[in-house]
Amino acid sequence: MPRKITDSCIACGSCAEQCPVACIEQGDIYVINPDQCIDCGVCQEGCPVGAIEEE
Ligand code: SF4
Ligand code: SF4
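These lines cover the structure that appears in this document, whether it is placed above or below. Bear in mind that the values here come from a model prediction, so they are computed numbers and not experimental data.

Moving on, we come to the site of ligand 1. Neighbouring residues of ligand 1: 14 residues in total, closest Cys-9, Cys-12, Ser-14, Cys-15 and Cys-47. Broken down by class, the residue content of the shell around ligand 1 amounts to 11 nonpolar, three polar and no charged.

This brings us to unusual backbone geometry. The backbone of Ala-11 sits at a positive phi, close to 55°, despite the residue not being glycine. Following the sequence through the fold, Ala-11 ends up in the loop between β1 (3-5) and α1 (14-18). One non-glycine residue, Ala-22, lies in the positive phi region at around 50°. Residue classification places Ala-22 among the exposed positions, given that 11 C-beta atoms sit within 10 Å.

Turning our attention to the site of ligand 2. Around ligand 2 sit 14 residues in total, of which Cys-19, Cys-37, Cys-40, Val-42 and Cys-43 are the nearest. Counted by class, the shell around ligand 2 contains 11 nonpolar, one polar and two charged residues.

Parameters at a glance
Residues numbered from 1 in each chain as written. Chains lettered and ligands numbered in written order. Predicted model: local features only at pLDDT ≥ 70, side-chain atom pairs only at ≥ 80, totals over all residues. Near = placed C-beta within 6 Å. Nonpolar A, V, L, I, M, F, W, Y, C, P; charged D, E, K, R; others polar. Helix = DSSP H or I, 4+ residues; strand = E, 2+ residues; numbered from the N terminus. Buried ≥ 20, exposed ≤ 12 C-beta atoms within 10 Å, placed from the backbone.

What follows is the structure, given as structure tokens:
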């Protein structure tokens, strides 16, 4: 299952910089493209506010 970014996101950009397949889009909160996410967990480990969850 792909990871999902919740409303806790503070739009710091860390996850988008670290994603190995560049599937996280910038916005008011960041959004993971579920069709491209390989579920590696890198973004979840690096999120400073714990805003990324497994679906
Ligand atoms: S690392 Fe966390 S807080 Fe930062 S943009 Fe990604 S989901 Fe949002
Ligand atoms: S789990 Fe991996 S592939 Fe999926 S959005 Fe996070 S860093 Fe990118």
